[in-house]
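# Structural description and commentary
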Amino acid sequence: MRIIRTRDYQELSRAAARLIAAQVVLKPGCVLGLATGSSPVGAYQQLIAWYKKGDLDFSQVRTVNLDEYVGLAPDHDQSYAYFMRSNLFDHVNIDLSNTNIPDGLAPDAAAECARYDEQIRALGGVDLQLLGIGPNGHIGFNEPDGHFSCGTQQIQLTDSTRQANKRFFASLDDVPTHARTMGVRDILQARRVVMVASGENKAKAVKEAFFGPVTPAMPASILQYHPDFVLVADEAALSLV
Ligand code: GLP
């Protein structure tokens, strides 16, 4: 595990964007695993700025996103498909047919999850997986559990995650109860994993996940075993370490 410690969110976003940009420059047709939530937004803005300056080319990049809410259509403004378009895809020269997100509307959950895993395999696996971390240590939507998950699966969101994400919805009742997420094994199979963690409300999760035992009660902790894991965190997120 390597830690890049930054002063603040802005510096964190540039550091994470540099790692992603380096991957795209080294391998223009790379497979990027992308994340949603507020944490990666600054990195996406930096990538867009570099693209607009002519320094980055996304024309051959392929992407797989971590997760999607069940029941939200891609044009719902809180779906992760919509998030990716408005925060990155609509602003760079990526070919939308090269982007992949679990389908939250497909009626057969098991078939959709199997299709998604097959898609990741068909792309040759993920070169760089970007992650945030939930305040309870979740990655993607892999919630604390008695075991680590394997492939893409449909999960029930915990109350704490629904509470944490309700700021994006009109009310708690509007927050979906289920999501489809790449599994922990999928995430570990990425050749490089980069996590962004910012702010005091992530400090406890960062401490427990990376400076405590590896346990499925803290899903991110398994990244301690990944051979190329980079944690990009600001001082506030590292304040308990
Ligand atoms: C959601 C996403 C996660 C993300 C987490 C933290 O639950 N499924 O991928 O890491 O939120 O989000 P934020 O970065 O907004 O704190």
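Residues numbered from 1 in each chain as written. Predicted model: local features only at pLDDT ≥ 70, side-chain atom pairs only at ≥ 80, totals over all residues. Heavy atoms only, no water.

## Quick word on the overall build of the protein chain
Each helix and strand counted, the protein chain has seven helices and 10 strands in total. Its C-alpha radius of gyration of 17 Å places the protein chain within 12% of the 18 Å reference for a compact globule of 241 residues. In terms of overall dimensions, the protein chain has a C-alpha envelope of 45 × 45 × 35 Å along the principal axes. Relative to its full complement of 241 residues, the protein chain shows a buried share of 53%. Approximately 10500 Å² of the protein chain is accessible, and the part contributed by carbon and sulfur atoms is 51%. (Helix = DSSP H or I, 4+ residues; strand = E, 2+ residues; numbered from the N terminus. Rg over C-alpha atoms; globule rule 2.2 N^0.38 Å. Buried < 20%, exposed > 50% of the residue type's maximum accessible area, 1.4 Å probe, protein only. Areas by Shrake-Rupley, 256 points an atom, 1.4 Å probe, with all protein chains shown as cover.)

## Here's the deal with the site of the ligand
Around the ligand, 13 residues are found, and the nearest of them are S38, S39, D67, R167 and K202. One of the side-chain N or O atoms of S39 is found 2.5 Å from an oxygen atom in the ligand. Here an oxygen atom of the ligand and a side-chain polar atom of N165 are 3.4 Å apart. Here the ligand has 390 Å² of accessible area as a free molecule, and 95% of this is covered by the chains. For the shell around the ligand, the per-class residue count stands at three nonpolar, seven polar and three charged. (Near = heavy atom within 4 Å. Polar contact = N/O pair within 3.5 Å; in protein donor to acceptor, adjacent residues only side chain to side chain. Nonpolar A, V, L, I, M, F, W, Y, C, P; charged D, E, K, R; others polar.)

## Comments concerning the pattern of salt bridges
Considering all chains together, one arrives at eight salt bridges under this definition. With a closest N to O distance of 2.8 Å, E112 and R115 form a salt bridge. Residue E112 and its partner R115 are both found in helix α4 (residues 109-122); the two are separated by three residues, about one turn of the helix. Two residues, E208 and K204, come together in a salt bridge whose shortest N-O distance is 3.2 Å. Of this pair, E208 and K204 both sit in helix α7 (residues 203-210), four residues apart, which is roughly one turn of that helix. With relative accessibility at 53%, the residue K204 sits in the exposed group. Connected through shared salt-bridge partners, K27, D127 and R191 make up one network. (Salt bridge = Lys/Arg side-chain N within 4 Å of Asp/Glu carboxyl O.)

## Some points on helix α2 (residues 41-52)
Taking 1.5 Å as the rise per residue, α2 with 12 residues should run 16 Å; its terminal C-alpha atoms sit 17 Å apart, in good agreement. When we look at burial in α2, the residues that qualify are V41, G42, A43, Y44, Q46, L47, I48 and W50. Summarising the contacts, the buried residues of α2 are in contact with α1 (9-26), β2 (31-34), α3 (80-87) and β6 (128-131). Of the residues flanking the end of α2, it is G54, one or two places downstream, whose phi is positive at about 90 degrees. (Expected span 1.5 Å × (residues − 1). Contact = heavy atoms within 4.5 Å.)

## Considering the nonpolar core
Nonpolar side chains in soluble globular proteins generally cluster together in the buried interior. In this structure, L32, Y44, L47, F58, M84, L88 and V232 are the most contacted members of the largest nonpolar core, which totals 43 residues. The element best represented in this core is α1, accounting for eight residues. Apart from residues lying up to four places away in sequence, M84 is in contact with L34, A35, T36, Y44, N65, F89 and I101. One finds A35, Y116, A190 and M218 within the second-largest nonpolar core, a separate group that totals 29 residues. (Core = buried A, V, L, I, M, F, W, Y, C linked by side-chain atoms within 4.5 Å.)

## Structural notes on α1
The terminal C-alpha atoms of α1 lie 26 Å apart, and with 18 residues this matches the ideal 26 Å at 1.5 Å per residue to within 8%. Considered for burial, the residues of α1 that qualify are L12, S13, A15, A16, A17, L19, I20, A21, Q23 and V24. Contacts from the buried residues of α1 go to β1 (2-6), β2, α2, β6, β9 (192-197) and β10 (229-234).

## Topic: a nonpolar patch on the surface
On the surface, M1, I3, F211 and V241 cluster together to form a nonpolar patch covering roughly 360 Å² of accessible area. Within the secondary structure, V241 sits in the segment after β10. (Patch = residues over 30% accessible without salt bridge, like charges linked within 9 Å, V, L, I, M, F, W, Y side chains within 5 Å.)

## Overview of the sheet that holds strand β4 (residues 67-69)
Within the open sheet, the three strands sit side by side as β4-β8-β7. Their pairing is antiparallel. Either end of the sheet is taken by a strand with one partner, and the two such strands are β4 and β7 (153-156). Along the sheet, successive strands turn relative to each other by an average axial angle of 25 degrees, direction set aside. Both β4 and strand β8 (residues 178-181) contribute to a ladder of three bridges, which runs antiparallel. Within β8, the residue paired with Y69 across the bridge is A179. (Pairing = 2+ DSSP bridges. Axes fitted to C-alpha atoms, helices over the stretch in contact; angles between N-to-C directions.)

Without other data, these values stay purely geometric and don't point to any function.
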